[in-house]
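Structural overview for review
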Amino acid sequence: MRHAVAALIASSLTLFADFAVLAAEKTTPEAMFEQRIMPIFKSPNPSSCVQCHLAGVDIKNYILPSAEKTFRSMRDQGLIDLKSPADSKILKLIEMGQKDPKAPAIHANNRKAELEAFTAWIKACAADKTLSESPKLAEAEQAKPPVPDAVIRHARKDRLLESFERNIWAMRFRCMNCHTEGTPANDKYRKQFGDRVAWVRKGGSGETMNFLLESKLIDVKTPENSLLIQKPLNAVKHEGGLKFAVGDQAHKSFRQWVEDVAAIKSNAYQKVADLPPVVKSPRAFGTELWLKVGNTPPAWGDKLLQVDVHARTADGKGWEKTPIASTDRIVFGKGSMWQHTLTLFAEPGSDLAKKWANGKPFLPRGTYLLKAYVDANGRLKKDWKSPLTDKDFVGQVEITADWREGYGAMTAADGRQFRK
Ligand code: HEC
Ligand code: HEC
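Residues numbered from 1 in each chain as written. Chains lettered and ligands numbered in written order. Predicted model: local features only at pLDDT ≥ 70, side-chain atom pairs only at ≥ 80, totals over all residues. Heavy atoms only, no water.

Quick look at the side chain of Asp414 now. Position of Asp414 among the secondary structure elements: in strand β7 (residues 411-414). With relative accessibility at 18%, the residue Asp414 sits in the buried group. Here the side chain of Asp414 touches Arg416 through a polar contact of 2.9 Å, landing on its backbone nitrogen. The residues contacting Asp414, other than those within four sequence positions of it, are Val293, Gly294 and Asn295. (Helix = DSSP H or I, 4+ residues; strand = E, 2+ residues; numbered from the N terminus. Buried < 20%, exposed > 50% of the residue type's maximum accessible area, 1.4 Å probe, protein only. Polar contact = N/O pair within 3.5 Å; in protein donor to acceptor, adjacent residues only side chain to side chain. Contact = heavy atoms within 4.5 Å.)

Shown next as structure tokens:
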């Protein structure tokens, strides 16, 4: 009898122990990893990180097939805070996207799943002494993004937006009359050609960039074939006509930006040396200030002419070294004339840049020096990256100008008066 009771107690104890094992199994870091982290690792869909990182980093980069090694790898890279699991850096990285409430819901859904999974798993890991005290993982075994931080930084959407604003948004004046969503001209074209003509979004630069990144207007494999480049060149028939010449300022800007997008999206940047050089370009402001040069010399005919506008130095004695404005276009040879809208320049962060960014960019009335450069041998047609330099200088002239706005109020110079 005594034996029977003892046996009963013993068996119920074992039963109890079994339950405990079962319950524990559900919450082991290992099991949690399998149930919640592995699906993220194996998912063919990009993680929430792509909301801001176009390339270079994904949460999958930090995950290894083994739960234990993933933990050690993350811990050794400082991504896990064992004392205060909720403050772990990996959770902060996942939470970063919350700052942008306008982001598409898909990112928010992914983020929620990632955050819950990593929070629970890290907590379980921190509570597991064997795991938390496990030896360091060899650095070669650590899981991390395949590219250096500089590349991750370059492929960030906010960085790309900066260059979008410099390169494309500043030049949008050449396109916006026809392409801005919601304007009368665009509404008319939309009826005729469909929604595709509305690629300049009324929401501004960020919305327009996002639209373009998702559109078919950028060809990632062969960026030079992108419609965003081919249409304004009229290389693919463009209802809006010829807007760029190969190698001109607008074409260079658009092409540079599109090439960069293509390189980012195709993971062409692997090391710092692959990144495009950082150019310290001024901030550019498109305007409706027209500059016309009449009586252009025959030698300039049908060539790309660039005219830089230099302001007086503060002491009134000389001319500023760097131009305050510039524009370029092919000279209309038959008509011996050339005309185009000016792009104004200001040092990034300067008072002038702030003033022009907040109000309407303008040039004050006064005397200015116009310097002309001609691509005499069609060099830029063969090499769009090539700049016009002092070697292409064909002459200069002083003018007094009001710089009134609009096609009907052009500032004019006489081509015969340009002197070397
Ligand atoms: C809302 C935008 C946003 C989201 C979403 C986002 N990040 Fe970031 N990330 C940034 C910004 C901005 C920086 C630069 C922060 C800084 O320099 O302080 C950054 C920096 C980083 C860095 C450091 C690289 C460097 O520049 O030194 C890494 C690594 C990183 N993020 C990984 C991730 C991972 C992994 C995810 C997804 C889990 C993620 N990020 C989600 C915006 C974001
Ligand atoms: C005078 C009006 C006008 C101007 C200015 C204009 N376009 Fe267009 N563009 C159109 C029209 C109309 C279409 C639709 C018909 C077509 O594809 O040619 C179009 C089509 C396009 C398309 C193809 C859109 C698509 O989804 O298929 C691109 C890209 C484009 N233009 C780029 C530009 C760029 C860049 C500029 C400025 C440098 C510009 N356009 C200036 C009228 C204009």
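What follows concerns the coordination of the iron atom of ligand 1. Coordination of the iron atom of ligand 1 by the protein comes from a single atom, His53 (NE2), at 2.1 Å. For His53, the location among the structural elements is in the loop between α2 (29-42) and α3 (67-76). (Donors = N, O, S within 2.8 Å, 3.2 Å for Na, K, Ca; no water.)

Our focus in this paragraph is the domain arrangement of the chain. Under the domain assignment, the chain is made up of domain 1 (25-146), domain 2 (154-274) and domain 3 (283-417). Measuring from the centre of the C-alpha atoms in domain 1 to the corresponding centre in domain 3 gives 54 Å. (Domains from an automatic or database assignment.)

Next up on the list: the sheet that holds strand β6 (residues 393-401). Strand order in the open sheet formed by 7 strands is β6-β5-β2-β3-β4-β1-β7, with mixed pairing between adjacent strands. Edge positions in the sheet fall to β6 and β7, since each has one partner strand and no second. Neighbour-to-neighbour, the strand axes of the sheet open up by a mean angle of 30 degrees, direction not taken into account. Where strand β5 (residues 366-374) and β6 come together, 8 bridges link them in antiparallel fashion. Across the sheet, Leu369 pairs through a bridge with Glu398, a residue of β6. (Pairing = 2+ DSSP bridges. Axes fitted to C-alpha atoms, helices over the stretch in contact; angles between N-to-C directions.)

Around ligand 2, the structure places 21 residues, and the nearest of them are Cys175, Cys178, His179, Lys231 and His238. For ligand 2, an oxygen atom lies 2.6 Å from a polar atom in the side chain of Lys231. A distance of 2.7 Å separates an oxygen atom of ligand 2 from a polar atom in the backbone of Glu239. Counting only elements with at least two residues in the shell around ligand 2, the list comes to α9 (176-179), α10 (184-193) and α12 (227-230). Grouping the amino acids of the shell around ligand 2 by side-chain chemistry returns 12 nonpolar, 3 polar and 6 charged. (Near = heavy atom within 4 Å. Nonpolar A, V, L, I, M, F, W, Y, C, P; charged D, E, K, R; others polar.)

A separate point is the coordination of the iron atom of ligand 2. The textbook angles at a metal center are 109.5 degrees for a tetrahedron of four donors and 90 or 180 degrees for an octahedron of six. Coordination of the iron atom of ligand 2 by the protein is provided by His179 (NE2) and His238 (NE2), with metal-donor distances spanning 2.0 Å. Considering all 6 donor atoms around the iron atom of ligand 2, angles at the metal cover 86 to 177 degrees and the coordination shape is octahedral. Of this pair, His179 sits in helix α9 while His238 sits in the loop between α12 and α13 (249-265), and the two are 59 residues apart along the sequence. Residue classification places His238 among the buried positions, given a relative accessible area of 14%. (Tetrahedral: all angles 85-135°; square planar, octahedral: opposite > 155°, others 65-115°.)

Okay, the packing of aromatic side chains next. For the structure shown, the criterion picks out 11 aromatic pairs. With 5.6 Å between their ring centres and 75 degrees between their planes, Phe285 and Trp356 make a pair best called edge-to-face. With Phe285 in strand β1 (residues 283-294) and Trp356 in helix α14 (residues 351-358), this residue pair connects regions lying 71 residues apart in the sequence. You'll find Phe285 and Trp356 in the same group, each marked buried. An angle of 90 degrees between the planes, with centres 5.0 Å apart, marks the rings of Trp290 and Tyr407 as edge-to-face. Here the residue Trp290 occupies a position in strand β1, and Tyr407 occupies one in the loop between β6 and β7, the gap between them amounting to 117 residues. Among the aromatic residues, those joined into a ring-pair cluster are Phe33, Phe118 and Trp121. The residue whose ring lies beneath Arg312 is Trp319, and the NZ or CZ to ring-centre distance is 4.1 Å. (Phe/Tyr/Trp six-rings, centres within 6.5 Å; stacked < 30°, edge-to-face > 60°. Lys NZ or Arg CZ within 6 Å of the ring centre and 35° of its normal.)

Here β1 lies mainly inside the structure; 9 of its 12 residues are buried. Relative to strand β4 (residues 337-346), β1 runs antiparallel, the two being bridged by 9 bridges. Residue pairing for β4: Leu291 is matched across the bridge by His340. The sheet contact formed by β1 and β7 spans 4 bridges and is parallel. By the bridge assignment for β7, Leu291 is matched with Thr411.

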